Amino acid sequence: MIKKYNKEDIAVVWDAEKCTHAGFCARQLSEVFKPKERPWINTDHASKERIIEQVKKCPSGALTIEKI
Ligand code: SF4
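Predicted model only: the values in this text are computed from it and were never measured. (Residues numbered from 1 in each chain as written. Predicted model: local features only at pLDDT ≥ 70, side-chain atom pairs only at ≥ 80, totals over all residues. Heavy atoms only, no water.)

What the three strands build is an open sheet, ordered β1-β2-β3; its pairing is antiparallel. Edge positions in the sheet fall to β1 (2-7) and β3 (63-67), since each has one partner strand and no second. Within this sheet the neighbouring strands show an average axis-to-axis angle of 30°, counted without direction. Relative to β3, strand β2 (residues 10-15) runs antiparallel, the two sharing five bridges. Within β3, the residue paired with Ala 11 across the bridge is Glu 66. (Pairing = 2+ DSSP bridges. Helix = DSSP H or I, 4+ residues; strand = E, 2+ residues; numbered from the N terminus. Axes fitted to C-alpha atoms, helices over the stretch in contact; angles between N-to-C directions.)

Structure (structure tokens):
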């Protein structure tokens, strides 16, 4: 399952099958990545730049950025 979450001119793309649920994203940017909520990624609470920075740190490659 792949889901997309828009922020300005980008989308955060999340591939559930690649996600190892290690939780780096939720620990390091908890305002945006909230595994217990639906939708679990809320892009309203951080800048685009900060979100991109965090996406790059995803160890499994589950998170990527797409230009929209
Ligand atoms: S950092 Fe990547 S692999 Fe880890 S929980 Fe977040 S999306 Fe999943």
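This next bit is on the site of the ligand. Every residue near the ligand is listed here: Trp 14, Cys 19, Thr 20, His 21, Ala 22, Gly 23, Phe 24, Cys 25, Cys 58, Pro 59, Ser 60 and Leu 63. Of all the cavities here, the one that holds the ligand is the largest pocket. Tallied by class, the residues present in the shell around the ligand amount to eight nonpolar, four polar and no charged. (Near = heavy atom within 4 Å. 1 Å grid on protein atoms, 1.4 Å probe; cavity = no way out; pocket = protein on both sides within 12 Å on 5 of 7 lines; lining within 4 Å. Sits in = over half its atoms within 2 Å of the grid points. Nonpolar A, V, L, I, M, F, W, Y, C, P; charged D, E, K, R; others polar.)

The next thing to look at is the layout of surface pockets. Gaps left between atoms show up when a probe the size of a water molecule is rolled over them. A volume near 340 Å³ is recorded for the largest pocket. Trp 14, Cys 19, His 21, Cys 25 and Trp 40 are, among the 23 residues lining the largest pocket, the residues nearest its centre. If you list the elements that add at least two residues to the lining of the largest pocket, you get β1 and α1 (24-28). The leading source of residues in the lining of the largest pocket is α1, at four residues. (Points joined across faces, edges and corners; volume = space filled by probe spheres on them.)

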